[in-house]
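# Observations on chain architecture
The primary structure of each chain is shown beneath.
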2 protein chains.
Amino acid sequence: MSSQHSRPTSRDVAKAAGVSQSTVSLVLGGKWPGRVSPATAAAVHQAAERLGYRPNRAARSLRLGSTRTVMLVVPTLTATFFGAVYEGAARAAARHGFGVVAYPWPDDAGPADSPFAAAHEAIDGILASSLAEDVLSGFAGVPVVMLDSDPSAEAPTVVFDVQDAMRAIVAHLAGLGHRRFGHVATSIDQWTFHARGRALADAVADVPGATLVREDAALDVAAAKDAAARLLGGPDRPTALVCDDDVMAAGAYKAARARGLEIPRDLSVTGFDDVLLAAALEPELTTVRLPAGELGAAGMDALLRLLEGGRPGSLSLPGELVVRGSTGPAPEAPAPATKAVSTVATGQGRKKA
Amino acid sequence: MSSQHSRPTSRDVAKAAGVSQSTVSLVLGGKWPGRVSPATAAAVHQAAERLGYRPNRAARSLRLGSTRTVMLVVPTLTATFFGAVYEGAARAAARHGFGVVAYPWPDDAGPADSPFAAAHEAIDGILASSLAEDVLSGFAGVPVVMLDSDPSAEAPTVVFDVQDAMRAIVAHLAGLGHRRFGHVATSIDQWTFHARGRALADAVADVPGATLVREDAALDVAAAKDAAARLLGGPDRPTALVCDDDVMAAGAYKAARARGLEIPRDLSVTGFDDVLLAAALEPELTTVRLPAGELGAAGMDALLRLLEGGRPGSLSLPGELVVRGSTGPAPEAPAPATKAVSTVATGQGRKKA
DNA sequence: CTGTTAGCGCCTTCAA
DNA sequence: TTGAAGGCGCTAACAG
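Quick caveat: nothing in here was measured; it's all calculated off a predicted structure.

### Considering the overall build of chain A
If you tally the helices and strands in chain A, you get eleven helices and twelve strands. Buried positions account for 50% of the 353 residues belonging to chain A. For chain A, the exposed area adds up to about 15,700 Å²; of that, 52% sits on carbon and sulfur atoms.

### As for the UniProt feature "domain: HTH lacI-type" (unreviewed entry) in chain A
With numbering matched to this structure, UniProt assigns "domain: HTH lacI-type" (unreviewed entry) to residues 8–64 of chain A. Taken end to end, residues 8–64 of chain A is 67% helix and 0% strand, and its first and last C-alpha atoms sit 20 Å apart.

### A word on the relation of the copies chain A and chain B
Here the second copy of the chain follows from the first by a rotation about an axis and a shift along it. With an RMSD of 0.2 Å, chain A superimposes on chain B once it is rotated by 180° and translated 0.1 Å along the axis. In the structure described here, the two chain copies are related by an operation that fits a two-fold rotation axis. Both copies share a contact surface, since 100% of the interface residues of chain A are interface residues in chain B too.

### Thoughts on the protein's contact with DNA strand D
Within the structure, DNA strand D sits among 24 residues, and Ser20 and Thr40 of chain A together with Ser10, Tyr53 and Arg63 of chain B are positioned closest to it. Within 4 Å of the protein, the contacting atoms of DNA strand D are 65% sugar and phosphate, with bases supplying the remainder. The separation between a phosphate oxygen of DNA strand D and a polar main-chain atom of glycine 34 of chain A is 3.0 Å. With respect to DNA strand D, the backbone of asparagine 56 of chain B contributes an N or O atom lying 3.1 Å from a phosphate oxygen. Within the residue set of the surface near DNA strand D, elements represented by two or more residues are helix 2 (21–28) and helix 4 (57–64) of chain A together with helix 2 (21–28) and helix 4 (57–64) of chain B. Here the surface near DNA strand D gets four residues from one element, more than from any other, and that element is helix 4 of chain B.

### Side note on the confidence of the model for chain A
All names here are of chain A. Looking at chain A, the pLDDT average stands at 87 and 88% of residues meet or exceed 70. In this model residues 1–5 is a low-confidence stretch, pLDDT under 50, and it forms three contacts with partners more than four residues away in sequence or in other chains. With pLDDT under 50 throughout, residues 334–353 is counted as low confidence; its partners more than four residues away or in other chains account for 22 contacts.

### Quick word on the nonpolar core
Judged by nonpolar contacts, the single largest core of 104 residues is most densely connected at Leu127 and Met300 of chain A together with Leu127 and Met300 of chain B. The contacts of leucine 127 of chain B, once residues within four sequence positions are left out, are Val70, Met71, Leu72, Val73, Ala89, Val145, Leu147, Gly296, Gly299, Met300 and Leu303 of chain B. One finds Ala217 of chain A together with Val184, Ala223 and Leu267 of chain B within the second-largest nonpolar core, a separate group that totals 56 residues.

### A few points about the side chain of threonine 286 of chain A
Residue and element names in this part refer to chain A. Note on placement: threonine 286 falls in the loop between helix 10 (276–280) and strand 10 (287–289). A polar side-chain atom of threonine 286 sits 2.9 Å from the main-chain amide nitrogen of arginine 324. Among all residues touching threonine 286, those that are not within four sequence positions of it are His172, Val269, Thr270, Gly271, Leu321, Val322, Val323, Arg324, Gly325, Ser326 and Thr327.

### Comments concerning the environment of valine 100 of chain A
Relative to the helices and strands, valine 100 of chain A is located in strand 2 (residues 99–104). Measuring from C-alpha to C-alpha, the distance between valine 100 of chain A and leucine 317 of chain A comes to 22 Å, with 217 residues separating the pair along the chain.

### Regarding the pairing of strand 7 (residues 211–217) of chain B
Residue and element names in this part refer to chain B. In terms of strand pairing, strand 6 (residues 180–186) meets strand 7 through seven bridges, oriented parallel. From the neighbouring strand, alanine 185 faces strand 7, where its bridge partner is aspartate 216. Taking the sense of rotation as the criterion, the β-α-β connection linking strand 6, helix 7 (residues 191–205) and strand 7 turns out right-handed.

### Observations concerning the protein's contact with DNA strand C
Close contacts around DNA strand C come from 25 residues, with Ser10, Tyr53 and Arg63 of chain A together with Ser37 and Arg63 of chain B the closest. For DNA strand C, the fraction of protein-proximal atoms (within 4 Å) that sit in sugar or phosphate groups is 60%. For DNA strand C, a phosphate oxygen lies 2.9 Å from a polar atom in the side chain of arginine 60 of chain A. A distance of 2.5 Å separates a phosphate oxygen of DNA strand C from a polar atom in the backbone of serine 37 of chain B.

Thresholds applied
Residues numbered from 1 in each chain as written. Chains lettered and ligands numbered in written order. Predicted model: local features only at pLDDT ≥ 70, side-chain atom pairs only at ≥ 80, totals over all residues. Heavy atoms only, no water. Helix = DSSP H or I, 4+ residues; strand = E, 2+ residues; numbered from the N terminus. Buried < 20%, exposed > 50% of the residue type's maximum accessible area, 1.4 Å probe, protein only. Areas by Shrake-Rupley, 256 points an atom, 1.4 Å probe, with all protein chains shown as cover. UniProt positions renumbered as here; feature names shortened; annotations may be inferred. Least-squares fit on C-alpha atoms with pLDDT ≥ 70 in both. Contact = heavy atoms within 4.5 Å. Near = heavy atom within 4 Å. Polar contact = N/O pair within 3.5 Å; in protein donor to acceptor, adjacent residues only side chain to side chain. pLDDT = per-residue confidence, 0-100. Core = buried A, V, L, I, M, F, W, Y, C linked by side-chain atoms within 4.5 Å. Pairing = 2+ DSSP bridges. Right-handed = clockwise from strand over helix to strand, strands pointing away.

Shown next as structure tokens:
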């Protein structure tokens, strides 16, 4: 026995199969046809199998100069969304023999360390989600694909079609007769939230006679509650609150309840994300489901293509409006309107009852 | 220029500093004092800095036979809990120059692949959270620390003090006058849930005159709602529902509402975990906060000690009871009791109003 | 105190 | 069709 008790090497396999190392490499690398006899190849495969041989990654990396590892940079892993992104990315990577290491980098922490504290410098490429492009300034030269961030960036991107999703929300609400919209917005400086704000404004502008007021807050329940309370306390109280995120919708629920408003009778509320929370709330939340896993997978596919020398294009994934119990017909005369709201039915509006 | 445009090697640094490679290795490895002159050491450091030198991980791994990488196996990353475990573990690992790769392995998927599809076989140790020990059967020989799982296992473990947490919950509830408890349990076959069930039964048994009924359900809102409904529909309706998880508590809320019961006036509800959900519910949930990040960090510390040849002991982390709005005094005469509930005040009960 | 040397396991010429 | 040899970048013996 040449191998003491540790993992077998290609040498061991060669010895066992009665061939040379290079033959083993050829066969196991799958490029033997036409260069190695089928019989020899079979013998090699068999020996490798029997010995439980697995190539040493470090040695392979050293020789090849590539690590077959991709780093996923996300603001946090403590959010189901990014966990799903990771799982989607890892699945796609595994199909190509790549591994993924997660690197949580809070968005308010400035540019990420280039010389990693975590010793993760051995990387072939970077997948960055929901981060500003300049966060990656320390990684010049490393192939990058950006997820859920400004598609006008240089790197290939994969994003959600936020505009379409917001249009769907507004169409749904407008169809229920709503005209006075409130936007419970998050103040986080991320592309997706800027995009949501813009998309909502655009969509509302397309509804004749519709108005939109906006309040910003941090992305947590308490802050969102305050923002929603401000909206609800203002003149011309909105009949529908469009929230930037399911978490903020939970805050909106609380503000509504504090004001004695019943959802959806007196107020409609929508979210964005469709995480666990949406189904846990009462009534269940009408929201847009964002396919986080697919985002990760599509991003990884693009990155892998990039690593192979290709030039992947940018991509946009559709969200899906999930209508649940938090939206309903606009209340008839919700408040003594000070401004006349001359609503022109656009034809797509369909009121129930 | 010897280096074309790629990363500088220790050779380049040596050349730049006018010394040999081994000196560079010694200096940068921090074991030069007494072997290299301070002046030379300074020169090396400076050259390395100027060139932006970073050691090649693959080469180092190959030489050292260790990868300075640990694998964290978790049931899923799509849960804030495991995301927090990861972050805690990664932080602790980084302090020692270790990296962490996450490996989501659903608990119902049987023993994990030993020869990883994801090519993650290059690993020094394994941290496994909330998994049965036999899931790791394919990794014989690799140092392992188990998190949140049966402490009677062979491997060192880090767990939460479930028993203490449950006692705190029951004490809190009993202090409010509750004697009829319902357990909304999860049917998931994990150590922690078995432990919760046992701990709850024990704690209730210690309250004179107290009773406990139990219903099992999958770990999701809808299933928990059904289970809670069964509990609430049975004879001698419980006045307090102890749920195995915050998610299940959300289901309990729904069941209560469906039955016209108001929380906490007619029914008290408690959770377990204190994730985002607890503060999003209305009223906010009384629950036990489980320090997931600390679990990961403590586990990683233990694993690192194990890798250094030590024999870390097992550890138990305390949870913290967080009292919020979902628990209140037991209703006076909640239902025409068929059994007499002879309540003996234990002296620690303190009713408001 | 510093330099030389060897070899970790793999893949890829090059020669047979 | 197969084997021998070299070297990826690093570290640890061993010389000097």
